[in-house]
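The residues making up each chain are set out below.
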Amino acid sequence: MSSQIALPLVTARGAETVVMGPSLLPVIEALQSASTWPFRTAILAGPPRSGKSLLARWFVESGAGEVLDSADSQPEDAVFHQWNRAQASGRPLLLVSDQVPGEWKIALPDLASRLGSALLIEIGAPDDVLVAGLIAEHSARRGLILGEQVIAYLLPRVERTHAEIELLIETLDRLSLERKSPVTISLVRDALAERTGEFQPRLL
């Protein structure tokens, strides 16, 4: 079964949830152990739409430490300054990045050496439990009802990425509205074909 972690401290935006699966548990555990990070610094890396910013907000608003979001697109001197501030204050620093350190090309040698010592917390591909949870969450947000047979058909066929699962549910919702039809296995086939570029429009 899938589960969700409520983020009760996200007061500005109301309560938010993180859809959980076994593959995400090490990430949560690492974020909860900020006091043990090397130099109290960690890099949270993962693919687009994988929930990095939501986890970072939870980290900050739970009082665990400071965050620099999109750190890999920030000026290097700003990142270095933030790192120095964290060392001076003793507050853990979480750097959020779309790239892992090996892909994140850093020209400033001092920054590169320091980030090389940071703990890497990487969000990987979603496991089956997480995939099911993401399908349910994105469907619920759109008020889309998926029957058990539809879900059973969809689960082994959807691409295992956070972004693609979200886009597939968006496609299902659009096709359902266009055809004024509930989500059937036939509609799922068309949505999957459209996402892979194999969709052939039906002739009227």
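Refer to the preceding data block for the structure.
Let me begin by describing the structure that accompanies this report.

Cut-offs applied
- Residues numbered from 1 in each chain as written.
- Predicted model: local features only at pLDDT ≥ 70, side-chain atom pairs only at ≥ 80, totals over all residues.
- Heavy atoms only, no water.
- Helix = DSSP H or I, 4+ residues; strand = E, 2+ residues; numbered from the N terminus.
- Buried < 20%, exposed > 50% of the residue type's maximum accessible area, 1.4 Å probe, protein only.
- Contact = heavy atoms within 4.5 Å.
- Areas by Shrake-Rupley, 256 points an atom, 1.4 Å probe, with all protein chains shown as cover.
- Core = buried A, V, L, I, M, F, W, Y, C linked by side-chain atoms within 4.5 Å.
- Pairing = 2+ DSSP bridges.
- Axes fitted to C-alpha atoms, helices over the stretch in contact; angles between N-to-C directions.
- Expected span 1.5 Å × (residues − 1).
- Polar contact = N/O pair within 3.5 Å; in protein donor to acceptor, adjacent residues only side chain to side chain.
- Phe/Tyr/Trp six-rings, centres within 6.5 Å; stacked < 30°, edge-to-face > 60°.
- Lys NZ or Arg CZ within 6 Å of the ring centre and 35° of its normal.

1. Examining the overall build of the protein chain
Helix and strand counts for the protein chain stand at eight helices and six strands. In sequence order, the protein chain lays out its α and β elements as β-β-α-β-α-β-α-β-α-β-α-α-α-α. The buried share of the protein chain, reckoned over its 204 residues, is 41%. Put simply, 70% of the contacts in the protein chain that link residues at least 6 apart link residues at least 24 apart. As displayed, the protein chain has an accessible area near 11,000 Å², and 54% of this comes from carbon and sulfur atoms.

2. Brief notes about the environment of L144
Assignment of secondary structure puts L144 in the loop between α5 (128-141) and α6 (148-154). Under the relative-accessibility criterion, L144 is labelled buried at 11%. Setting aside chain neighbours within four positions, we find L144 in contact with S139, I169, L172, D173, S176 and V183.

3. Some words on the nonpolar core
Counting residues in each nonpolar core, the largest one holds 21 residues, and the members touching the most others are I135, L146, L154, V158, L172, V183 and V188. Those elements that provide at least two residues to this core are α5, α6, α7 (162-179) and α8 (185-195). Counting residues per element, this core draws most heavily on α7, at five residues. Beyond its immediate chain neighbours, meaning those up to four positions away, L146 contacts I135, S139, I151, L154, I169 and V183.

4. Examining the sheet that holds strand β4 (residues 66-68)
Taken in spatial order, the four strands make up an open sheet running β4-β5-β3-β6, and their pairing is parallel. The strands lining the two open edges of the sheet, one partner per strand, are β4 and β6 (119-122). Averaged over neighbouring strand pairs, the angle between their axes works out to 25° when direction is ignored. Relative to strand β5 (residues 93-97), β4 is paired through three bridges, and the arrangement is parallel. Following the sheet pairing, L68 is matched in β5 by L95. Across the face of the sheet, helix α3 (residues 76-89) comes into contact with β3 (41-45), β4 and β5 while running at roughly 155° to β5.

5. As for the environment of D72
On the secondary structure map, D72 appears in the loop between β4 and α3. Given the relative accessible area of 18%, D72 is considered buried. Taking C-alpha positions, D72 is 7.1 Å from D98, a pair spaced 26 residues apart along the chain.

6. Regarding α5
Counting along an α-helix, one turn takes 3.6 residues, and residues three or four places apart therefore face a common direction. Given a rise of 1.5 Å per residue, 14 residues ought to cover 20 Å, and the 20 Å separating the end C-alpha atoms of α5 matches this to within 8%. For α5, every residue scored as buried is listed here: L130, V131, G133, L134, I135, E137, H138 and S139. Backbone nitrogen of V129 and a side-chain oxygen of the N-cap are separated by 2.9 Å at the start of α5; the cap is D127. Immediately downstream of α5, the backbone of G143 shows phi near 65°, a positive value.

7. Re the packing of aromatic side chains
Tallying each qualifying case throughout the model produces two aromatic pairs. Relative to W83, the ring of F39 lies with its centre 6.1 Å away and its plane at 50°, an arrangement referred to as tilted. Of this pair, F39 sits in the loop between α1 (25-31) and β3 while W83 is found in helix α3, placing the two residues 44 residues apart along the sequence. The side chain of R157 reaches across the aromatic face of Y153, ending 3.7 Å from its centre.

Everything listed here is a matter of coordinates, which is why it stays silent on function.
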